[in-house]
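Each chain, written out:
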Amino acid sequence: MTLAKALTIAGSDSGGGAGIQADLKTFQELDTFGTSVITALTAQNTLGVHGVFPQTLEAVEAQLDAVLSDIGTDAAKTGMLFSAEIITLVARKLRQYEVKRLVVDPVMIAKGGASLLQEEAVQALIKELLPQAMVITPNLPEAAKIVGCEEPQTLAEMKEAAVKLHQLGPAYIVLKGGHLPSGPAIDLVYDGHELHELETERIATKHTHGTGCTFAAAIAAELAKEAAPLEAIQTAKAFITAAITHSLAIGGGIGPTNHAAYRRLAGEA
Ligand SMILES: Nc1ncnc2c1ncn2[C@@H]1O[C@H](COP(=O)(O)OP(=O)(O)OP(=O)(O)O)[C@@H](O)[C@H]1O
Ligand SMILES: Cc1ncc(CO)c(N)n1
């Protein structure tokens, strides 16, 4: 038997709801074989990030070479990359191994406010990684940082930002509306020609730790199985909506989403 292969290049979340852990659980739920490259360790739980321990460039490069020279991958996803140096290295290695189906989740700040990307690394992200991405998945504050504008507050402002993001080189922009001040959870998808709105009801829960990581990982898993990008994004939206609907009241703070919910619901249907 063979399985499509998906690689996550991201930070470790000891609390299990975001980062590498969320990505591997999502890959498993969507029937792909997951591999990982850890860029940084975080000491993290539902209450926040208590420590960030970036890995050396040597450690990141050795993991990338180990996975890509032997196992290979059908798609990859980047999450927390922490520094300009790590971004430059990851971009170079993904080019060297000709990884074409790449999802870049431009992770910058954790829900509690901790910085997961150094301020000066944003330019490296724009210049080196975004141009080779098939899909990027910024939330509204990340889009504002990348484009250099105020944070979009309306659908019209989101559309403007999506067009500017597309000019930076990624084939598909998924601008996530989870942070909109009110109304439904609308994500905009833009491929340079057409704009699609993916809309779901806003689920009333505080347990949304790891939503962004899980969503981007689901897109990567579907791309690994050779889904077309728009189809992959639509499946991922269904996956994250199920995971938030059945999110878990674990820990004393913002609990994680439920990665098993999508498969369970499909089994019951
Ligand atoms: N309360 C909610 N109800 C329904 N969908 C939501 C809700 N919050 C977020 N989403 C959806 O979850 C996905 C992730 O979006 P979000 O904007 O939360 O990402 P993020 O801020 O990058 O997450 P993270 O904080 O994990 O980095 C998007 O598809 C978004 O529309
Ligand atoms: C390791 C890690 N990556 C990403 C996020 C963003 O949610 C987080 N909280 N932790």
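Residues numbered from 1 in each chain as written. Chains lettered and ligands numbered in written order. Predicted model: local features only at pLDDT ≥ 70, side-chain atom pairs only at ≥ 80, totals over all residues. Heavy atoms only, no water.

Quick word on the pairing of strand S9 (residues 195-200)
Then comes step 1: Of the pairings in the sheet, the one linking strand S8 (residues 185-190) to S9 comprises six bridges and is antiparallel in character. Counted as the bridge partner of Leu188 is Glu197 from S9.
Then comes step 2: Linking two consecutive strands that pair antiparallel, namely S8 and S9, is a turn of four residues; a positive phi of about 95° is found at Gly192 within it. (Pairing = 2+ DSSP bridges. Helix = DSSP H or I, 4+ residues; strand = E, 2+ residues; numbered from the N terminus.)

Here's the deal with the confidence of the model for the protein
Then comes step 1: For the protein, per-residue confidence averages 96 on the pLDDT scale, and residues scoring 70 or more make up 100% of the total.
Then comes step 2: The complex model carries a pTM of 0.98, and its ipTM stands at 0.97. (pLDDT = per-residue confidence, 0-100.)

Observations concerning the site of ligand 2
Then comes step 1: Around ligand 2, a shell composed of Gly11, Ser12, Ala18, Gly19, Gln44, Met80, Val107, Ala110, Leu116, His209 and Cys213 is seen.
Then comes step 2: Take Gln44: an N or O atom from its side chain is 2.8 Å from a nitrogen atom of ligand 2.
Then comes step 3: Coverage of ligand 2 by the protein chains reaches 91% of its 280 Å² of free accessible surface. (Near = heavy atom within 4 Å. Polar contact = N/O pair within 3.5 Å; in protein donor to acceptor, adjacent residues only side chain to side chain. Areas by Shrake-Rupley, 256 points an atom, 1.4 Å probe, with all protein chains shown as cover.)

Considerations on the packing of aromatic side chains
To describe a pair of aromatic rings, one takes the distance between the centres and the angle between the planes.
Then comes step 1: Within this structure, the stated rule accounts for one aromatic pair.
Then comes step 2: Ring geometry for Phe239 and Tyr262: centres 5.3 Å apart, planes at 45°, overall tilted. With Phe239 in helix H8 (residues 229-245) and Tyr262 in helix H9 (residues 261-268), the pair connects residues that are 23 residues apart, well separated along the chain.
Then comes step 3: Classification of Phe239 by relative accessible area gives buried; the value is 1%.
Then comes step 4: Looking at Tyr262, the relative accessible area reads 26%, which means it is partly exposed. (Phe/Tyr/Trp six-rings, centres within 6.5 Å; stacked < 30°, edge-to-face > 60°. Buried < 20%, exposed > 50% of the residue type's maximum accessible area, 1.4 Å probe, protein only.)

Comments concerning a nonpolar patch on the surface
Then comes step 1: A surface patch of nonpolar side chains, about 460 Å² in accessible area, is lined by Met1, Leu3, Phe33 and Ile71.
Then comes step 2: As for its placement among the helices and strands, Met1 is situated in the segment before strand S1 (4-13).
Then comes step 3: According to the relative accessible area criterion, Met1 is exposed, its value standing at 97%. (Patch = residues over 30% accessible without salt bridge, like charges linked within 9 Å, V, L, I, M, F, W, Y side chains within 5 Å. Salt bridge = Lys/Arg side-chain N within 4 Å of Asp/Glu carboxyl O.)

As for helix H6 (residues 155-166)
Then comes step 1: A rise of 1.5 Å per residue sets the reference length of H6, with its 12 residues, at 16 Å; its end C-alpha atoms lie 16 Å apart and thus fit the reference within 8%.
Then comes step 2: All buried positions along H6 are accounted for by Met158, Ala161, Ala162 and Leu165. Down the axis of H6, the buried side of the element spans an arc of 105°, and every buried residue falls inside it. Turned more than 90 degrees off the buried face of H6, the exposed positions are Ala156 and Glu160.
Then comes step 3: Where H6 is buried, its residues meet strand S6 (135-136), helix H5 (140-147), strand S7 (172-175) and S8. (Expected span 1.5 Å × (residues − 1). Arc of directions from axis to C-beta. Contact = heavy atoms within 4.5 Å.)

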